[in-house]
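A look at the structure
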Amino acid sequence: MRLPSLFTSQAAINSALIATTLFISSTSAQDRTTEQGEASITDPNQECTAYYYQPVSAAIAANEFPPIWTVATIVSSDTNAQAKYQSIQSQIPNIAPKGTQPASLMGDFSNFTPTYPSSDPDCWWTFDQCITPKLAGLPPDLAVVPEPDTLGYGFDDGPNCSHNVFYNFLSQNNQKATMFYIGSNVMDWPLEAQRALADGHEICVHTWSHRYSMTALTNDEVFAEFYYTMEAIKLVTGVTPTCWRPPFGDVDDRVRAIAHALGLRTIIWKYDSNDWRAGTGNITSANVDQNYEDLITRAQNGTFATAGTIMLTHELNNFTMSEAVKFYAQLKAAFKYIVPMGVATNQTQPYVETTYSLPSFEQYISGTTTISNGVPLPTDGSSSSTGSGSSPGSSSGSSSGTSSGSSSTGTASRASSDGLGMLAAGAAFVGFAMKLLA
C-alpha cells in the first residue's frame with residue numbers, strides 16, 4: 001500500500017530512521033525473549049510482568065506437565081514418567097506417608113507424631129533433624145561442607161522474577177552459589193532460570209509445588225514432584241540437576257530413596273537465617289540480622305576450623321535477597337571461602353549432561369570460579385525428557401551462543417549480543433519501512 005505522495009523521498013528516509021530509533025529503544029528496553037534481554041531489566045515491576053516463552057507454552061499445551069503450584073502427579077499420557085516410576089519401585093521402602101492430607105501438606109502432624117516411635121526409625125528430619133539415613137544404601141544428607149572455614153552458599157525458592165539486581169551483585173563479586181529452584185517457578189520464569197546457568201551458578205531441585213511436607217505425599221506424588229521439576233529445568237536450561245533440597249527440611253528415608261533413585265543427592269543445612277519468616281509470627285528483620293550475625297561470630301571464633309557449614313537463605317523476596325547483599329562482605333571476611341555446595345564437595349559433574357562442569361574446590365579458591373559457563377538452550381517448541389538427549393536450542397529456534405570464563409565475560413557477551421540483535425532488528429525494520437514508503 002503506497003503512502004500519500006506528500007512524503008518526499010528525504011522525508012520518508014527521515015521518518016524511517018526515527019521509527020527505527022524508536023523501535024530499537026523500545027525493543028532494547030522490553031526484550032522478553034532471551035536470557036540476555038531479560039537479565040538487562042532492573043525494574044522489578046517490569047521483571048515480574050508475565051511474558052511468553054514458546055517452549056514452555058508448547059509443553060503446557062501438549063499436557064506434558066502437571067498444573068503448576070499444585071501437588072504433582074504423574075501425567076496420565078506421560079509414558080516416559082510412568083516407565084521411570086515403575087523402574088524404581090524396588091528401591092522404595094515400605095514407609096507410609098506421614099500424617100493425613102490435607103492437614104499434613106501444611107506441616108500439621110499433630111495427629112501423627114504422638115504415635116511415631118521416639119527412636120525415629122525413618123530418619124525423619126522434621127522429627128529430630130536426622131541426616132544419616134537408617135535405610136541401607138542411602139548416603140547421608142549434606143548439612144555441612146567438609147572444607148574448613150567454608151560456607152556452602154545457596155538460595156532457595158527461585159527463580160524469583162525480580163532477582164536481576166541480586167544476581168548482578170553476585171556477578172560483580174564473582175560469587176557463585178547453589179540455586180534451589182521450584183519447578184513451578186521455572187515454568188513461570190524460564191528466562192530467569194536460564195540466567196543462573198549463564199552466570200555460572202549451580203542449579204538444584206526444590207520440588208514442583210513447594211508443599212510443606214514431602215513426607216506427607218504418596219510415593220507417586222513424591223516421584224512427580226522430583227521428576228517434573230527435573231524436566232522443567234531440562235526444558236528451560238538444557239541441563240538436568242543431580243541435587244535437591246526439601247522445602248522446610250521435611251524428608252525421611254522413603255523420600256530420600258525416591259530422590260536417590262532419580263540421581264538426586266539431598267542437601268539440608270545446619271543453620272537457618274529465618275529470612276523467609278520475617279514479618280510472620282514473632283520473627284522480625286532484627287531476628288534475621290541476629291541469625292546472620294551469630295553465624296559470623298561463630299566463624300570468627302573458630303567454630304568451623306575443622307569443617308565448614310551451610311545456612312539456609314532464600315531468593316524468595318526483596319527482603320531475603322537484600323539481607324544476602326547486606327551481610328555478604330561480613331560473611332566474606334569471616335569465612336575463608338564462600339562456594340556453591342557442589343564446589344564444596346567437589347561435584348565437578350553437577351548435571352546428568354556432560355556439557356557442563358563445575359570447578360573443583362581447589363580450582364575455585366584459586367580463582368577459577370567457572371569451568372563451562374553456558375550450554376545450548378532448548379529448541380523452539382521442544383520439551384525434552386529427562387535424559388532423553390533432545391536437541392536444545394533457543395526459544396526462537398536458533399542456537400544460542402555458548403561462553404566460558406568469568407561473569408564479567410558473560411556481561412560483555414550479553415552487551416555485545418544485545419547490541420548486534422538490536423542492530424539487526426533495526427535494519428530489518430528500516431527495510432520494511434522503506435518498502436512501505438516506496
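Calculation criteria
Residues numbered from 1 in each chain as written. Predicted model: local features only at pLDDT ≥ 70, side-chain atom pairs only at ≥ 80, totals over all residues. Heavy atoms only, no water. Core = buried A, V, L, I, M, F, W, Y, C linked by side-chain atoms within 4.5 Å. Buried < 20%, exposed > 50% of the residue type's maximum accessible area, 1.4 Å probe, protein only. Helix = DSSP H or I, 4+ residues; strand = E, 2+ residues; numbered from the N terminus. Contact = heavy atoms within 4.5 Å. Salt bridge = Lys/Arg side-chain N within 4 Å of Asp/Glu carboxyl O.

**Considerations on the nonpolar core**
Counting 98 residues, the largest nonpolar core has Y153 and F226 as the members making the most contacts within it. For this core, the element with the highest residue contribution is helix α10 (residues 219-237), accounting for 11 residues. Contact partners of F226, with chain neighbours within four places excluded, come to V205, M214, W244, V255, I258, A259, L262 and L264.

**A short note on helix α9 (residues 190-198)**
Of all nine residues in α9, eight are buried, a share of seventy percent or more. If you check which residues of α9 are buried, you get P190, L191, E192, A193, Q194, R195, A196 and L197. G200, located one to two residues past α9, shows a positive phi value of around 90°.

**Overview of the environment of I371**
In this fold, I371 is placed in the loop between α15 (361-365) and α16 (407-437). Residue class for I371 comes out partly exposed when judged on its relative accessible area of 34%. Taking the C-alpha atoms as reference, I371 lies 9.2 Å from T348; in sequence the two are 23 residues apart.

**Overview of the environment of V239**
Mapped onto the fold, V239 is located in the loop between α10 and β5 (243-244). For the pair formed by V239 and T354, sequence separation is 115 residues and the distance between their alpha carbons is 9.0 Å.

**Considerations on the pattern of salt bridges**
Here the structure, examined in full by the defined rule, presents 11 salt bridges. Taking the shortest distance from any N to any O, the salt bridge between E202 and R265 comes out at 3.1 Å. Remark: R265 occurs in strand β6 (residues 265-266) and E202 occurs in strand β4 (residues 202-205); sequence separation between them is 63 residues. Under the relative-accessibility criterion, R265 is labelled buried at 17%. With its nearest N and O atoms 3.0 Å apart, the salt bridge here joins R256 to D253.

Function cannot be read off these values alone, since they describe shape.
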